[in-house]
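Here's the letter readout for the chains.
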Amino acid sequence: MRRRRFLAGLGLATTAGGLAGCTTGFTRDQPDGDGITLRMTMWTSNPDQIALFDEIAEDFMAENEAVTNIEFESLTLDQLDMVLTTGITAGDAPDLTWLPVESSLEYIDAGALLDTEPTLEATEGYDLDDLVPHLQESWRDGEARYGVPFSTGPLIMYFNQDLYAEAGVKSPAELLAEDDWTWESFRETSKQLTDATGLPGYVVNDFDFRNWTRLLPLMFSYDASPWNEEATQCTADSPEMREALGVFHGMVFEDGSSPVPGRQIDFWGGQAGATSAFLGSSSLLADAAFDWDIVPTPNGPAGDVQAVGQSAIVALSAGKHHDAALEFLAFLTNRKNAARISRYFPPARTSLLNAEVLAESSGLLTAEDLEPIVESITTRGRIFPVAPNAASVANALDSSLDEFVYRPDADLDEALPKVCTAIEPVLSL
């Protein structure tokens, strides 16, 4: 009997027990008979995305009778490292997982990931040459390939056209058309919108002052990054970072055009003028009660640089079924299934990474909408920074920004060196 079951989120009691060290935080059903059960973690609760992965799993099992059960285990992204680490330590790791690019080097260096290259090369019709080379770099080490990106998408700007019209303020699209689409001009119009409507001009999506990566569109446009390319030295105290965070700090604590810490604002519900979010977030606007549009994030002194996030599907070396896991990974990321997944996540295949394909997959965005977004991925995109011990560095960075920067009285000239003092010991581990 073939069964499919989605574990729809780690319940609070289960998660708490897992993190306490008594269990792993995963639940597991035993399949009927002697067939293989594969387990894969992912951070989506979107029912349409879940249904798609269910369908692909059914197709895989129809061709691979040894695998009789595939469990997709849903958790939040901020739970991922703890849950994976706990599972690996307890000898109950999943076979596969989604993994953000920020964690790639840490997991590769730890020997936690399986090399997918031999399996992909041996998979008939996989077409390795179709994978965009420069979008694979974070997952390569010499000849080895430790994951295949399934989502390579920029953080873009969504805006509420109705609110801009109500406020009588130039919209991001108008500023772009006038070649005045900069963070400074966006700050100015965001304040104008707030003054006219009483609503925030800008809210950073999925941020809540605890996820520093969501500020990367602003940082990159000023050629700022919290550490150097080799991830050996803190650069959060650079003049470029001072300028970039000065814009954001001013919007929050001087202009009142972006919400202060603790204030919850829902752009998707019409409560803000604009938000920066991933391309896949457009699905949240399917039933929006307002007119909306998208543009690339604003320019800065470094030019038109777009922050690109990436996640890959990887197979864990601590999993129990290496061969089956690698075969399922190849099946999930082949050209046919990559096209299906591109409905929600921008692909990293040359044949699929174009505006027409993404528009057809989206159903909400046109090829004209997507052309500059695709260009930003392929020509102007800058992948999120990677550090060898990503989780520890991210925790130290978020904590120090919260302590020293996200305060109304913060002097960034004094605060940012304190941020470096906090994260440099972690960078050098």
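Note: the structure precedes this text.
Quick caveat, the model's predicted, so the values are computed rather than measured.

What counts and what doesn't
Residues numbered from 1 in each chain as written. Predicted model: local features only at pLDDT ≥ 70, side-chain atom pairs only at ≥ 80, totals over all residues. Heavy atoms only, no water. Disulfide = S-S within 2.5 Å. Helix = DSSP H or I, 4+ residues; strand = E, 2+ residues; numbered from the N terminus. Buried < 20%, exposed > 50% of the residue type's maximum accessible area, 1.4 Å probe, protein only. Core = buried A, V, L, I, M, F, W, Y, C linked by side-chain atoms within 4.5 Å. Contact = heavy atoms within 4.5 Å. Axes fitted to C-alpha atoms, helices over the stretch in contact; angles between N-to-C directions. Parallel < 35°, antiparallel > 145°, perpendicular 65-115°, else oblique. Nonpolar A, V, L, I, M, F, W, Y, C, P; charged D, E, K, R; others polar.

A. Fine view of the state of the cysteines. One pass over the full model with this rule turns up one disulfide. Across a sulfur-sulfur distance of 2.0 Å, C234 and C420 are joined as a disulfide pair. When the S-S torsion is -75°, as for the bridge of C234 with C420, the disulfide is left-handed. Note that C234 is positioned in the loop between α9 (216–221) and α10 (239–255) and C420 in helix α16 (residues 412–427), a separation of 186 residues in sequence. Summarising the burial analysis for this pair, C234 and C420 share the class buried.

B. Fine view of the nonpolar core. Counting 73 residues, the largest nonpolar core has F186, L245, F248 and V405 as the members making the most contacts within it. Here this core takes eight residues from α16, the largest share from any one element. Once residues lying within four places of it in the same chain are set aside, the contact partners of F186 are M157, Y164, W181, G201, Y202, M251, A274 and P298. F53, F60, M61 and L329 belong to the second largest nonpolar core, which has 33 residues in total.

C. Just the packing of helix α8 (residues 183–197) against α10, in detail. Axis separation between α8 and α10 bottoms out at 10 Å; the angle between their running directions is 10°. Comparing the axis directions of α8 and α10 gives the class roughly parallel. On α10, the residues that touch W183, E184, F186, R187, S190 and K191 of α8 are G246, V247, G250, M251, E254 and D255. Of the residues in the contact of α8 with α10, the class split is four nonpolar, three polar and five charged.

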